[in-house]
Amino acid sequence: MRIGIVCYPTYGGSGVMATELGLGLARNGHQVHFITYRRPPRLLAFHENVYFHEVSGEDYPLFEYPPYDTALASKMVDVVKFENLDLLHVHYAIPHATVAYIAKKILLSQGRYVPVITTLHGTDITLVGSNKAFAPVVEFSINKSDGVTAVSESLRKDTVDYFRIQRDIRVIYNFVDFSRFSKSNKDHFKKAIAPNGERIIVHTSNFRKLKRVEDVIEVFRRVHERIPSKLLLVGDGPERYNLEELCRRMDLCHEVRFLGKQDAIEELLAIADLFVMPSESESFGLAALEAMACEVPVISSNAGGLPEVNIHGRTGFLSEVGNVEDMARNALAILSHDDTLAKFRAEALAQAKRFDLKVILPQYEAYYEEVLASSTVQID
Ligand code: GMT
């Protein structure tokens, strides 16, 4: 199959998933064309079945906001026609589902039909999409897609609660590639971070408000009072300065390391003992899944799709959003004894295997076939 993948080429989960999916499809013999404004961070090596089409618009003094959507639609039309694509798979509804609809209409006017599958990732529905500034267009574009998937049951439910949805939404969970994410021996690295055998706690995110990274620090402070430990904060974003301030006020600067954006996140997860994700909203929590694949238990909030990933009392614990006392208690319960930690590690790995790329990729392939077989030319 020849598939066009449209995504945000950023460190966000939707771009990561779209890239990993494309690479998996390419390994299975499909021809994959990424269409986006920059090479996605995980699209590193050359692969014979992978193509990258960069969208570049014209910068003109009249434009306060360069018309990216128009440039993207034009690129989609071009790539579908000249690379003879069978379908377009767009990740994150805004603006990709809408732009794909426009591209589809343009192609149709030229006698070419291409079905569009939209994958909903989270904030495109829960935060941004449901905002009145975007809602009518998002609702329309979802309804006009030939296939729609959501990355968790929680997100599927939110979508039908927020919008008038006239079509089925298929849940296809996010996945993890075990050939990359697994517990490996990184003893030298562990010694550099925790020279005295301290427990290592990790958080990764884009440091936006909704990630509640300050709760990670609050949890860590409580854990650190009881057991020797270090906190690694991976990523960057708008809250970074406030978080650094908080660490200084708490006199924790020597115990907390801000590592910034990292490509080899699996190397950090390989030495971690606990992952903390206290988000206010999380459709799935891909970073938590990647931690679990590396045998790292998870302390998380119970927001959105997190209970579908992190199983309370087995792979970690869930708490109400903002309940740092409970999170710290749970973290201590896991970290205080080696045998308890080992049990949680094993359960985390077993749960992560349910989301193995090898399990989920065939679900996307089957869905593509289904949409191709059932999609009919929409005239309106
Ligand atoms: O919020 C982020 O971290 C970025 C965002 C994105 O779209 O890039 O992540 C969303 O998609 C991920 C991949 O499907 C999910 O794992 C995240 O839970 C989801 N984020 C939210 O719902 C807040």
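Residues numbered from 1 in each chain as written. Predicted model: local features only at pLDDT ≥ 70, side-chain atom pairs only at ≥ 80, totals over all residues. Heavy atoms only, no water.

**Q** I keep staring at the overall build of the protein chain and nothing clicks. Help me out?
**A** Secondary structure summary: the protein chain contains 15 helices and 13 strands in total. For the protein chain, the C-alpha radius of gyration of 22 Å lies close to 21 Å, the compact-globule estimate for 380 residues. Out of the 380 residues belonging to the protein chain, those deemed buried represent 56%. Here the analysis covers contacts within the protein chain between residues at least 6 apart in sequence; of these, 71% occur between residues at least 24 apart. Of the roughly 16600 Å² of accessible surface on the protein chain, a fraction of 50% belongs to carbon and sulfur atoms. (Helix = DSSP H or I, 4+ residues; strand = E, 2+ residues; numbered from the N terminus. Rg over C-alpha atoms; globule rule 2.2 N^0.38 Å. Buried < 20%, exposed > 50% of the residue type's maximum accessible area, 1.4 Å probe, protein only. Contact = heavy atoms within 4.5 Å. Areas by Shrake-Rupley, 256 points an atom, 1.4 Å probe, with all protein chains shown as cover.)

**Q** Where do I start with the site of the ligand in this structure?
**A** Around the ligand, a shell composed of 19 residues is seen, among which His121, Asn174, Arg208, Glu282 and Ser283 lie nearest. Serine 14 is positioned with one of its backbone polar atoms (N or O) 2.9 Å from an oxygen atom of the ligand. In the model, an oxygen atom of the ligand is placed 2.5 Å from a nitrogen or oxygen of the arginine 208 side chain. Protein chains shield 93% of the accessible area of the ligand, which is 490 Å² for the free molecule. Partitioned by chemical class, the residues of the shell around the ligand number 5 nonpolar, 11 polar and 3 charged. Taken domain by domain, the makeup of the shell around the ligand includes at least three residues from each of domain 1 (2-175 + 357-374) and domain 2 (187-355). (Near = heavy atom within 4 Å. Polar contact = N/O pair within 3.5 Å; in protein donor to acceptor, adjacent residues only side chain to side chain. Nonpolar A, V, L, I, M, F, W, Y, C, P; charged D, E, K, R; others polar. Domains from an automatic or database assignment.)

**Q** So what exactly am I meant to see when it comes to the domain arrangement of the protein chain here?
**A** It is common to report an interface's size as the accessible area lost on association of the parts. Domain boundaries assigned for the protein chain yield domain 1 (2-175 + 357-374) and domain 2 (187-355). Spacing between the C-alpha centres of domain 1 and domain 2 amounts to 30 Å. At the junction of the two partners, domain 1 supplies 22 residues and domain 2 supplies 18 residues. Three residues, Tyr11, Tyr173 and Asn174, lead the burial of domain 1 against domain 2; their summed loss comes to 33% of the area buried on that side. (Buried area = accessible area lost by both parts, 1.4 Å probe.)

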